[in-house]
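# Fold and contact review
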Amino acid sequence: MDQQRRSRFLLGVLMILAGGWLLAVRFYPPLGEWLDFEFLWPAYLIAAGVLLFILELLSGASGMAVPATLITGIGFILYWQVLHDDWTSWSYLWTLIPGFVGLGVVIEGLLGGWWRKGLARGVNLMLISLGLFVLFAYILGAGKGFQTYWPVLLILFGLWLSLRSFRSPGNGASD
């Protein structure tokens, strides 16, 4: 069975299992009582992202790491917001999304055999995301502790940029 068919088959099996679970909970509610849906609904997003990643690993097909990290990361943001009842934090937490994509690019590069290019592109996205996060969190008031220590992140970002300027252009990291 080729990778595309294997991937499609595994996705189908996962959908059957998820649908079976949801149907069983609908007809026999005590199965789902151990989950507090009001509190844990973002866990479904986290689980969906993890399942996408497992699907990629099992099928050997590439291309699922970026959607998997994106869905999982957004699930974690929403989980944190539900946990702390802090929905206004979305005004700066959205800036983490490019970082989730960057993490997916790094993972995809490692799994796909182009780790140097994946690492370079992914880390760039993660650092851009971190810079945006620092900027928006500072401007929009993420908290007293963050506003006190955010210059440390600025120093680290500047150090990374400075060290990167010494890198030779022919190292295989650029396209």
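Residues numbered from 1 in each chain as written. Predicted model: local features only at pLDDT ≥ 70, side-chain atom pairs only at ≥ 80, totals over all residues. Heavy atoms only, no water.

## Points about the confidence of the model for the protein chain
- Per-residue confidence for the protein chain gives a mean pLDDT of 79, with 81% of residues at or over 70.
- Averaged pLDDT values over the elements of the protein chain bottom out at 72 in helix 7 (residues 144-164) and peak at 91 in helix 3 (residues 65-84). (pLDDT = per-residue confidence, 0-100. Helix = DSSP H or I, 4+ residues; strand = E, 2+ residues; numbered from the N terminus.)

## With respect to the packing of aromatic side chains
- Tallied over the full model, the rule gives 2 aromatic pairs.
- Relative to phenylalanine 136, the ring of tryptophan 94 lies with its centre 5.2 Å away and its plane at 75°, an arrangement referred to as edge-to-face. Of this pair, tryptophan 94 sits in the loop between helix 4 (90-93) and helix 5 (97-112) while phenylalanine 136 sits in helix 6 (residues 115-140), placing them 42 residues apart in sequence.
- A residue is classified by how much of its surface remains accessible, and tryptophan 94, at 33% relative accessible area, is partly exposed. (Phe/Tyr/Trp six-rings, centres within 6.5 Å; stacked < 30°, edge-to-face > 60°. Buried < 20%, exposed > 50% of the residue type's maximum accessible area, 1.4 Å probe, protein only.)

## Examining the environment of alanine 48
- Relative to the helices and strands, alanine 48 resides in helix 2 (residues 37-59).
- The class of alanine 48 is partly exposed, set by a relative accessible area of 32%.
- Spatially, the C-alpha atoms of alanine 48 and alanine 68 are 7.6 Å apart, while their sequence positions differ by 20 residues.

## A closer look at the environment of phenylalanine 157
- Secondary-structure assignment places phenylalanine 157 in helix 7.
- You can call phenylalanine 157 partly exposed: its relative accessible area is 28%.
- Placed 27 residues apart in sequence, phenylalanine 157 and leucine 130 show a C-alpha to C-alpha distance of 8.7 Å.

## Considerations on a nonpolar patch on the surface
- Together, Val152, Leu156, Leu159, Leu163 and Phe166 line one region of the surface with nonpolar side chains, adding up to about 550 Å² of accessible area.
- Within the secondary structure, phenylalanine 166 is located in the segment after helix 7.
- Residue classification places phenylalanine 166 among the exposed residues on the basis of a relative accessible area of 72%. (Patch = residues over 30% accessible without salt bridge, like charges linked within 9 Å, V, L, I, M, F, W, Y side chains within 5 Å. Areas by Shrake-Rupley, 256 points an atom, 1.4 Å probe, with all protein chains shown as cover. Salt bridge = Lys/Arg side-chain N within 4 Å of Asp/Glu carboxyl O.)

## Observations concerning the side chain of serine 129
- On the secondary structure map, serine 129 appears in helix 6.
- Judged by its relative accessible area of 2%, serine 129 is buried.
- Side-chain polar atoms of serine 129 contact the backbone oxygen of threonine 95, separated by 2.5 Å.
- Residues in contact with serine 129, not counting those within four places in the same chain, are Thr95, Leu96, Ile97, Pro98 and Gly99. (Polar contact = N/O pair within 3.5 Å; in protein donor to acceptor, adjacent residues only side chain to side chain. Contact = heavy atoms within 4.5 Å.)

## Structural notes on the nonpolar core
- Judged by nonpolar contacts, Ile77, Tyr92, Leu93, Phe100, Phe133 and Ala137 together constitute the single largest core of 6 residues.
- Counting residues in each nonpolar core, the second largest holds 5 residues, with Leu10, Leu55, Met64 and Ala68 among its members. (Core = buried A, V, L, I, M, F, W, Y, C linked by side-chain atoms within 4.5 Å.)

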